[in-house]
Amino acid sequence: MLRRIASRCARGLGAGGVAHPAVGLCHPGRSSSSRSSDAPRNQPPSSEFVARPVGVCSMMRLPVQASPEGLDAAFVGVPLDIGTSHRPGARFGPRRIREESVMLRTANPSTGALPFQSLMVADLGDVNVNLYNLLDSCRLIREAYQKIVAAGCIPLTLGGDHTITYPILQAMAKKHGPVGLLHVDAHMDTADKALGEKLYHGTPFRRCVDEGLLDCKRVVQIGIRGSAMTLDPYRYSRSQGFRVVPAEDCWMKSLVPLMGEVRQQMGAKPIYISFDIDGLDPAYAPGTGTPETAGLTPSQALEIIRGCQGLNVVGCDLVEVSPPYDPFGNTALLAANLLFEMLCALPKVMVV
């Protein structure tokens, strides 16, 4: 019986593909061979045949692989929260998002996207971070993502606090050069330092600017809000050429027109999507470390991500889910759905 269930869960693996137990990306493991274009692709198992609580806890119950070889896209966990300035717990985000992802299915009727008929997708497990050393964790993340992008695989990251985006963008820029950025968040994360430290979840995009990782004329920050230490908290971002869209400019309206402008601004060059779950109002996403009132709605979040369809998206992340502050799992369920929408917006995904 267990063999039959495992066979259904791994349905669609190519001749060289193999499902592995969940392991860290820094651990050794067998590589799957490159997939031929006509080989069957991985598919999340249908609940008509496999009960949702059954199987290894992977994103959408996809096969778990130790190597990105042969994959077009992959879900990756980065269970790090030692860069957090207030409420910890985001280290448990990847696991809880995976748990809630059992509700997701293979097709997106709203957009017509069929990601699993278009791409070979798997779960690469978690990066083996160092929870006692933030700088060393950034090194481990950077090295893991360099291997992922070198294999031609687009990573969709389950965070983790927002510090993780900095080493991920280091890996992205090494392959693609400076990238555009669509950043959804309650905070700009462009502080210079706190408590004397220049690296924490409030500084990743300042560090990215310092290192030339961003194409600053193609950076858009949406959902920014909350109290601040000055009356001009957007000054640094705008001085770098970023477009800042405060939450107040999004209230009570569709964001489809805004995303039309964003698509035009981004053009055909590489773009990275970084989505902090606290960009949403805490009424919808209470499980996060730094909640701010009067945020975006889930429908606006869908409009933002779906508005990226057709762009040259080279990577995505969903960060700052802190399960201890949402015992019912609604925040993680929302995060899982947003990651699925990101997958559906990737280049080469068939839309019918």
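Residues numbered from 1 in each chain as written. Predicted model: local features only at pLDDT ≥ 70, side-chain atom pairs only at ≥ 80, totals over all residues. Heavy atoms only, no water.

Undergrad: Explain the nonpolar core to me, please; I cannot follow it from the model alone.
TA: Considering soluble globular proteins, one finds that nonpolar side chains tend to be buried as a cluster. Residues Ile97, Ile222, Leu318 and Leu346 are the most contacted members of the largest nonpolar core, which totals 53 residues. Per-element accounting of this core gives the leading share, 10 residues, to helix H10 (residues 330-344). Residues within four places of Ile97 in sequence aside, it is in contact with Met59, Leu158, Gly159, Leu318, Val321, Ala332, Ala335, Ala336 and Leu339. Counting 40 residues, the second-largest nonpolar core is a separate cluster that includes Ala122, Val179, Cys216 and Val319. (Core = buried A, V, L, I, M, F, W, Y, C linked by side-chain atoms within 4.5 Å. Buried < 20%, exposed > 50% of the residue type's maximum accessible area, 1.4 Å probe, protein only. Helix = DSSP H or I, 4+ residues; strand = E, 2+ residues; numbered from the N terminus. Contact = heavy atoms within 4.5 Å.)

Undergrad: When you look at the sheet that holds strand S5 (residues 179-184) in this model, what are you seeing that I'm missing?
TA: Sheet strands pair by backbone hydrogen bonding; their relative direction is either parallel or antiparallel. In spatial order, the strands read S3-S1-S4-S9-S8-S5-S6-S7; together these eight strands make up an open sheet with parallel pairing. Bordering the open sheet on either side are strand S3 (121-126) and strand S7 (243-246), each of which pairs with just one other strand. The average angle at which neighbouring strand axes cross in this sheet is 15°, direction not considered. Pairing between S5 and strand S8 (residues 270-276): five bridges, direction parallel. Directly across from Val184, in S8, lies its bridge partner Phe275. (Pairing = 2+ DSSP bridges. Axes fitted to C-alpha atoms, helices over the stretch in contact; angles between N-to-C directions.)

Undergrad: Mind showing me how you'd approach the packing of helix H9 (residues 298-306) against H10 here?
TA: Two packed helices can be described by the angle between their axes and the distance between those axes. Contact pair H9 / H10: the axes reach a minimum separation of 9 Å and the direction vectors enclose 20°. Accordingly, the angle class assigned to the pair H9 and H10 is roughly parallel. Pair H9 / H10 crosses with right-handed handedness. Counting all contacts with H9, which are made through Pro298, Ala301, Leu302, Ile305 and Arg306, the residues of H10 involved are Leu334, Leu338, Glu341 and Met342. (Parallel < 35°, antiparallel > 145°, perpendicular 65-115°, else oblique. Left-handed = near helix turned anticlockwise from the far one by under 90°.)

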